[in-house]
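# Inside the fold
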Amino acid sequence: MSSEDAAAATRTPLYDLHVALGGRMVPFAGYALPVHYPLGILAEHLQARSKAVLFDVSHMGQVRIDGDAGAALETLVVADVTGLPAGKLKYTLLTNEAGGIIDDLMLTPSGTHVSLVVNASRKAVDIAHLQRHLPGHEVRLLDDLALLALQGPAAAAVLARFAPAVSLMMFMSSEILRIGDVRCTISRSGYTGEDGFEISCPAQEAPELARMLLAEPEVAPAGLGARDTLRLEAGLCLWGNDIDETTTPVEAALGWTIGKRRRQQGGFPGDETVLRQLFAGAERRRVGIRLEGRAPARAGTPIQNADGKPIGTVTSGGYAPSLAAPVAMGYVSIASAAPGTPVSLLVRGKNLAGEVVPLPFVPHRYVKHG
Amino acid sequence: MPVIRFTQEHEWIRVEDGLGTVGITDYAQQQLGDVVFVELPAVGMAVAKGDPAAVVESVKAASEVYAPVSGEVIAVNEGLADGPELVNAEPLDGGWFMKIRLSDESELAEMMDEEAYQAMLRSLG
């Protein structure tokens, strides 16, 4: 990264460790983060699928809403928050009046507050939105915390050496546990399609904790590049690419995030549009596309149907290391959204043949029971 | 003796008897990271110095490769179709992109020799 970018970018608590590990630092959402380490994106990706990797995700917004905010939050998100037991995570969406997605986030209620983890690029927008609409609750950005993500099939065995209780945790649950002397909030969750944990700890403790985990033989550091290819293979959305304020949950194939009671009662912004689309369908839908050949199709690539008619646009695309093949996600007209539909992607004046396929591209391997 | 020259865009060309073999430098492949696809020009295509002649796709992004000289593409590295990783493993050798029959050898005079190219890399820090 240039010295100008470096000066403008905020450093996470692990910045010095990234540099010491040979991380190639780039600006991302205002933060200086490694896009990869000397191993490279492909090897880091494959390590996450075969063993375990550690990501620094301290750039993400850790937000705390004080008090019993469940019912109030239901006026802003699509999840059944009041029905969610303390210590359970829910992936949910903040919607706008048109049913568009302001952000996607993880939500965890506890007895005394609700914790959110939001996208780095949306922190300011989200917090302003929450503060405006939840006047009775204090909404705080916890910027004295770091966040580490240990991901991969070996993650549980590795972390259990330091915090044995993690092996009993269910996926999408959260516990406060000690690693050594450090009090951490550990959730069994992630953005890779693999089993894994996200560990929130005080910023000053993060470098030592990261070094400890990286010293385990199964663990390698991984950067933003592998984080992106892993989530793409897992069919997970990136806000700003695959979802934004103009895409609804139904169009984004995220209708499953709308709880049963919320489908019946609505009560979230844009509910009229979203519930109508849930019932009657939307005009377009986010789908997965497998391409013939090896050429990747990137975000922005036009998608055509078999007759050469434009039907949509790629929102995320690239090389899938686990499949050794290019894959893409994008929005297509509902008539072309069924798996098996042939499509073509226009890359540099050439039509690349492809086919709509179910998501995820690589099956999730979440551990349902501890 | 072949002559090796370099461009500001990190291509290399090795010229012998008016025939130039073109690739990207070790620095370029390191900057790109893992190469997963290379789009090569059609054999027989006429290129002018500085024209986009190939595309190299890393995991992260697509980058143009420019013709370092004017001439005709007389061969491309078919091995890259199934082995794009050769660009990372052997950038100056097995990872070559194309061979160009030079139409104007005087263009080489404007390009950097190895010493000048290494000096440019040092200036990039």
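Provided above is the structure to which this section pertains.
Let me sum up the structure you'll find in this document. (Residues numbered from 1 in each chain as written. Chains lettered and ligands numbered in written order. Predicted model: local features only at pLDDT ≥ 70, side-chain atom pairs only at ≥ 80, totals over all residues. Heavy atoms only, no water.)

## Let's talk about helix H7 (residues 206–214) of chain A
Within H7(A), the full set of buried residues consists of A:Ala206, A:Leu209, A:Ala210, A:Leu213 and A:Leu214. For H7(A), the buried positions fall inside an angular range of 130° around the axis, keeping them on one side. (Buried < 20%, exposed > 50% of the residue type's maximum accessible area, 1.4 Å probe, protein only. Helix = DSSP H or I, 4+ residues; strand = E, 2+ residues; numbered from the N terminus. Arc of directions from axis to C-beta.)

## A closer look at the sheet that holds strand E6 (residues 90–95) of chain A
Residues and elements named next belong to chain A. The strand order across the open sheet built from 5 strands is E6-E7-E8-E5-E9, with neighbouring strands paired in antiparallel fashion. Of all strands in the sheet, those bounded by a partner on one side alone are E6 and strand E9 (139–141). Going from strand to strand, the sheet's axes swing by 30° on average, the running direction of each strand aside. Here E6 pairs with strand E7 (residues 101–109) via 6 bridges, running antiparallel. (Pairing = 2+ DSSP bridges. Axes fitted to C-alpha atoms, helices over the stretch in contact; angles between N-to-C directions.)

## Section: unusual backbone geometry
Trans is the prevailing form of peptide bonds, just as negative phi is the prevailing case for residues other than glycine. Residues and elements named next belong to chain A. Cis peptide bonds are those with omega within 30 degrees of zero, and the linkage from Leu359 to Pro360 qualifies with 0°. Note on placement: Pro360 falls in the segment after strand E20 (350–357). With phi around 50°, Ala29 is a residue other than glycine that occupies positive phi space. Along the chain, Ala29 falls in the loop between strand E2 (24–28) and strand E3 (31–36). You can call Ala29 partly exposed: its relative accessible area is 36%.

## Some remarks on the environment of B:Ala53
Residues and elements named next belong to chain B. Locating Ala53 in the fold gives a position in strand E6 (residues 52–58). Looking at Ala53, the relative accessible area reads 6%, which means it is buried. C-alpha of Ala53 to C-alpha of Ala75: the two residues are 22 residues apart in sequence and 13 Å apart in space. If near-sequence neighbours (up to four positions away) are discounted, Ala53 is found in contact with Leu40, Pro41, Val47, Val65, Tyr66, Ala67 and Met98. (Contact = heavy atoms within 4.5 Å.)

## Remarks on the interface of chain B and chain A
Between chain B and chain A, the residue contacts involve 16 residues of the former and 15 residues of the latter. Considering only the side of chain B, the residues that lose the most area to chain A are B:Val36, B:Val59 and B:Lys60, jointly responsible for 37% of the buried surface there. Inspection of the region where chain B meets chain A yields 4 salt bridges. Applying the counting criterion to the chain B and chain A interface returns 11 residue pairs in polar contact (both at pLDDT 80 or more). At the level of elements, strand E4 (35–39), E6 and helix H2 (79–82) of chain B are the ones that each hand at least two residues to the side of chain B that touches chain A. Taken together, the residues of the side of chain B that touches chain A break down into 8 nonpolar, 2 polar and 6 charged. (Buried area = accessible area lost by both parts, 1.4 Å probe. Salt bridge = Lys/Arg side-chain N within 4 Å of Asp/Glu carboxyl O. Polar contact = N/O pair within 3.5 Å; in protein donor to acceptor, adjacent residues only side chain to side chain. Nonpolar A, V, L, I, M, F, W, Y, C, P; charged D, E, K, R; others polar.)

## What to know about helix H8 (residues 224–233) of chain A
Residue and element names in this part refer to chain A. Most of H8 is tucked away: 9 of the 10 residues are buried. Packing partners of the buried residues in H8 comprise E2, E3, helix H3 (41–50), strand E4 (52–56), strand E17 (310–320) and strand E18 (325–333). Once H8 ends, the next one or two residues include Gly235, with phi positive near 70°.

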